[in-house]
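Structure assessment
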Amino acid sequence: MRQVIEEFGRLPTTCISDAMQGLHNFDPAVKPLKEEYRICGRAITVKMPAGDNMMVLAAMKEARPGDILVIDSGNHAYRAVAGDFVIGLAQTLGLGGVVAYGTIRDVQSIKALNFPVFCTGTTVACSQKIGAGAINVPIACGHAIVHPGDIIIGDADGVVTVPQGEEAAVLAAARKKLESDEERARRVLADARSAMEYINHLVAAGRGK
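One structure accompanies this document, and this report is about it. (Residues numbered from 1 in each chain as written. Predicted model: local features only at pLDDT ≥ 70, side-chain atom pairs only at ≥ 80, totals over all residues. Heavy atoms only, no water.)

**Some points on the packing of helix H6 (residues 167–188) against helix H7 (residues 192–206)**
Pairs of packed helices are described in terms of their axes, by the angle between the two and the distance that separates them. Close contact between H6 and H7 brings their axes to 8 Å; oriented N to C, the two are set at 120°. Put simply, H6 runs oblique to H7. Between H6 and H7, the residues in contact are Arg184, Arg187 and Val188 and Ser194, Ala195 and Tyr198, respectively. (Axes fitted to C-alpha atoms, helices over the stretch in contact; angles between N-to-C directions. Helix = DSSP H or I, 4+ residues; strand = E, 2+ residues; numbered from the N terminus. Parallel < 35°, antiparallel > 145°, perpendicular 65-115°, else oblique. Contact = heavy atoms within 4.5 Å.)

Structure below.
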């Protein structure tokens with residue numbers, strides 16, 4: 001199964017999304033703090049009430065090296081799901097990255113860690129540690145429903161989730177899409193004439209000619 005994750009990790013999220021007809025994309029607001037960040041691993045999920053990140057720590061106790069910590073705070077913006085210390089804990093424990101449907105703080109310190117974090121934005125306010133919420137339950141990150149153990153892939157374009165049981169079919173379709181895109185680029189972008197022929201063909205087809 002590790003090989004499947006490695007193979008997904010070599011594919012762009014755009015091709016994986018296309019292979020699933022765009023049905024398992026995270027909210028487009030979820031983006032990496034640095035464009036070069038890339039993640040791929042199994043999800044360990046956190047349902048976090050606004051302003052209470054105790055379950056983020058509880059999830060780290062259950063996580064395995066390489067797992068992706070996926071936190072749903074309902075895109076609450078005022079209080080951060082994590083700061084640099086909590087992100088540092090995730091890095092020290094060997095997690096593969098953190099994806100937050102919510103905000104983080106200490107952004108410069110987190111960037112200095114060079115540990116992949118994806119989120120919807122930044123804030124200055126911290127969360128408390130009360131203990132509400134849950135771990136390893138289905139969560140929603142925009143239109144994407146994430147179950148524990150789903151494969152999470154993220155890059156500069158955003159984040160997608162591949163449901164368990166669909167990995168082989170999605171991987172095959174994503175590979176085929178990438179090969180098709182690369183073949184089209186070689187053929188159509190070879191020169192201006194082939195580019196114009198391609199455009200003319202699409203426009204004519206769209207007009208029913």
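Back to the text.
**Brief notes about the pattern of salt bridges**
Considering all chains together, one arrives at 11 salt bridges under this definition. In this structure, Arg38 engages Asp155 in a salt bridge whose closest nitrogen and oxygen atoms are separated by 3.1 Å. Linking Arg38 in the loop between strand S1 (31–32) and strand S2 (39–47) with Asp155 in strand S11 (residues 151–155), this pair joins segments that are 117 residues apart in sequence. Look at Arg38 and you get partly exposed, because its relative accessible area is 30%. Asp155 gets classed as buried once you look at its relative accessible area, which sits at 9%. Between Glu167 and Arg42 there is a salt bridge; the shortest N-O distance is 3.0 Å. Of this pair, Glu167 sits in helix H6 while Arg42 sits in strand S2, placing them 125 residues apart in sequence. (Salt bridge = Lys/Arg side-chain N within 4 Å of Asp/Glu carboxyl O. Buried < 20%, exposed > 50% of the residue type's maximum accessible area, 1.4 Å probe, protein only.)

**Comments concerning the nonpolar core**
Counting residues in each nonpolar core, the largest one holds 40 residues, and the members touching the most others are Phe26, Leu69, Val70, Val99 and Ile152. Not counting residues up to four positions away in its chain, the partners in contact with Ile152 are Phe26, Ile39, Cys40, Gly41, Ala43, Ile68, Val70, Val99, Val146, Val159, Val160 and Thr161. Counting 14 residues, the second largest nonpolar core, distinct from the first, contains Ile5, Leu11, Cys40 and Val160. (Core = buried A, V, L, I, M, F, W, Y, C linked by side-chain atoms within 4.5 Å.)

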